[in-house]
Amino acid sequence: MENADIEVRSERVTSFDGAGLAVRRMGAGRPVLMLHGLFSSAEMNWIRFGHARKLAEAGFEAVMPDLRAHGDSAKPHEAEAYPPGVLAKDAAALVEALGLEDYDLVGFSLGSRTSARAVIDGLRPRRLVLGGMGLEGLAGWNRRAAFFIDAIDRFDEVERGDPAFMAVSFMKTMKIDRVAARLLLQAVDDTDPEELAKITMPTLVLCGDKDDDNGSATKLAEALPDARHVEIPGTHMSSVTEGALGDALVEFLGATA
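What comes next is a walk through the structure. (Residues numbered from 1 in each chain as written. Predicted model: local features only at pLDDT ≥ 70, side-chain atom pairs only at ≥ 80, totals over all residues. Heavy atoms only, no water.)

Moving on: the sheet that holds strand 1 (residues 9-14). The 8 strands lie next to each other as 1-2-4-3-5-6-7-8, forming an open sheet whose pairing is mixed. The outermost strands of the open sheet, each flanked by one partner alone, are strand 1 and strand 8 (227-232). Averaged over all pairs of adjacent strands, the angle between strand axes in this sheet comes to 20 degrees, irrespective of strand direction. Here strand 7 (residues 203-208) pairs with strand 8 via 6 bridges, running parallel. Across the sheet, the residue bridging to Cys207 is Glu231, located in strand 8. Relative to strand 5 (residues 104-108), helix 4 (residues 110-120) is tilted by about 140 degrees, and along the sheet it contacts strand 3 (30-35), strand 5 and strand 6 (128-131). (Pairing = 2+ DSSP bridges. Helix = DSSP H or I, 4+ residues; strand = E, 2+ residues; numbered from the N terminus. Axes fitted to C-alpha atoms, helices over the stretch in contact; angles between N-to-C directions. Contact = heavy atoms within 4.5 Å.)

The structure is reproduced here in structure tokens:
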């Protein structure tokens, strides 16, 4: 593959409501739509630690949007810009706008919730990866959202030792727009475990061996019609930095069976 094929290319896509979504692409081949985690970005989640490059070198095209209210994408401050299920609607708009037909879908944490919801709502990727996610995390979003909303509301008073310290530190590192993030947190739908029967494509549940932030990855894999669970080293935060994450993506998405 020519070096030019694995340079990062940037573009902007207009979503269903006119919001602009920043997209980065690497490689040439079967597209892999990759949705990052909360308070992160395409650059932080997929590019910085080499996962996108590994996919590109394996013959895929990594297609990596910044989610609404994140990175270089739109960060509206109006509540109407965050209807229920807005991120899944954005994912569907991206698939349509980019003309993706034969593609794979990868999510991490909030990106996994979004990917699962988008498939339940009608997206049909060839293969699906749910990273950093457990069964309880799909149905228990209100509790998780309340934790992060509290962190935003107490942003300037959270100190080391506070349960919210890591979340606030990451928000500071990523220069998160707290008004937009707070609105987004209230617009993510829960997924009823009974709806998981609609996720019929081969699915990889990929989780750090010390990551239980979103519940049991094993139970999630068992609840899906065609899924397997793979562990990589790390916690919820550190597993994204592990080369094993990119390796697992290449192995699963490159499998012929």
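We now examine helix 8 (residues 178-185). Within helix 8, burial applies to Ala180, Ala181, Leu183, Leu184 and Leu185. Close packing links the buried residues of helix 8 with helix 3 (86-97) and helix 6 (141-153). Capping the start of helix 8, Asp177 holds a side-chain oxygen 3.2 Å from the backbone nitrogen of Val179, two or three residues further along. (Buried < 20%, exposed > 50% of the residue type's maximum accessible area, 1.4 Å probe, protein only. Polar contact = N/O pair within 3.5 Å; in protein donor to acceptor, adjacent residues only side chain to side chain.)

With that settled, the discussion passes to unusual backbone geometry. What is expected of a backbone is that most residues other than glycine have negative phi and most peptide bonds are trans. With a phi close to 65 degrees, Phe39 is a non-glycine residue in the positive phi region. The residue Phe39 is located in the loop between strand 3 and helix 1 (42-47) in this model. For Ala69, which is not a glycine, the phi torsion comes out positive at approximately 75 degrees. With respect to the helices, strands and loops of the structure, Ala69 is situated in the loop between strand 4 (60-65) and helix 3. For Ala69, a relative accessible area of 0% gives the class buried.

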